[in-house]
Amino acid sequence: MKPVELQVLTSPGCTHCHAFLEHWKTISKDWPNVTLKEVSITTPEGQELAGKHMIFSAPGILLNGELFASGGVDKVKFATKLKELST
């Protein structure tokens, strides 16, 4: 499987961010090739990512540096995209 970088742009107190990270915990064992990096919107790196990818709602989900979703994630589409990037 090819390595995949998953970046999650989070905001303090964001319920959607928390829900996504909890979902990731339950499926991460199935994706040993995926590296998770959580980035807070309150950091300079987070501000840069938000501006670069035009992310206006959290969580911002980036896969290999490309914006996948923001504001919420379709779990089925997310799994499908991970499969596509991993092969």
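For the structure, check the block above.
A brief structural summary. Residue positions are given per chain, counting from 1 as you read along its sequence in written order. Residues qualify for local features only when their pLDDT is at least 70, as the model is predicted, and side-chain atom pairs are given and counted only at 80 or more; totals for whole chains, interfaces and linings, by contrast, use all residues. Only hydrogens and water are set aside; all other atoms, that is, all heavy atoms of the structure, feed into the side-chain values.

## Remarks on the overall build of the protein chain
As a reminder, the rule being used: Put simply, DSSP H or I for four residues or longer makes a helix, DSSP E for two residues or longer makes a strand, and each gets a number counted from the N terminus. Two things to know: the radius of gyration comes from C-alpha atoms, and the globule rule equals 2.2 Å times the number of residues to the power 0.38.
The secondary structure content of the protein chain amounts to three helices and four strands. When the helices and strands of the protein chain are listed from N to C terminus, the series reads β-α-β-α-β-β-α. Against the globule reference of 12 Å for 87 residues, the protein chain gives a C-alpha radius of gyration of 12 Å, in line with a compact fold. Principal-axis analysis of the C-alpha atoms places the extent of the protein chain at approximately 30 × 25 × 20 Å.

## As for the pattern of salt bridges
The following threshold applies: When a carboxyl oxygen of Asp or Glu lies within 4 Å of a side-chain nitrogen of Lys or Arg, that pair is called a salt bridge. Relative accessibility under 20% of the residue-type maximum defines a buried residue, over 50% an exposed one, and the middle range a partly exposed one, all with a 1.4 Å probe and only protein chains included.
This model, assessed by the stated rule, comprises three salt bridges. In this structure, the salt-bridge partner of Lys37 is Glu45, at a minimum N-O distance of 2.7 Å. Residue Lys81 pairs with Glu84 through a salt bridge whose shortest N-O separation is 3.2 Å. Taken together, the positions of Lys81 and Glu84, both in helix α3 (residues 75–86) and three residues apart, correspond to about one turn of that helix. Residue Lys81 is classed as partly exposed on the basis of its relative accessible area of 28%.

## A word on the packing of aromatic side chains
Cut-off, in case you're wondering: For this analysis, a ring pair means two rings from Phe, Tyr or Trp (six-membered ring only for Trp) whose centres lie within 6.5 Å, classed as stacked if their planes differ by under 30 degrees, edge-to-face if by over 60, and tilted for the remaining angles.
Scanning the entire structure with this criterion turns up three aromatic pairs. When the ring of Phe20 is compared with that of Phe78, the centres are 5.3 Å apart and the planes differ by 85°; the resulting orientation is edge-to-face. With a gap of 58 residues between them, Phe20 in helix α1 (residues 15–27) and Phe78 in helix α3 connect regions that are remote in the sequence. Here Phe20 and Phe78 have matching classes, each one buried. Here the aromatic rings of Trp24 and Phe78 are separated by 6.2 Å at their centres, their planes lie at 80°, and the arrangement is edge-to-face. In this pair, Trp24 is assigned in helix α1 and Phe78 in helix α3, connecting sequence segments 54 residues apart. The exposure classification of Trp24 matches that of Phe78, with both residues buried. Members of the aromatic cluster, each reached through a chain of ring pairs, are Phe20, Trp24, Phe68 and Phe78.

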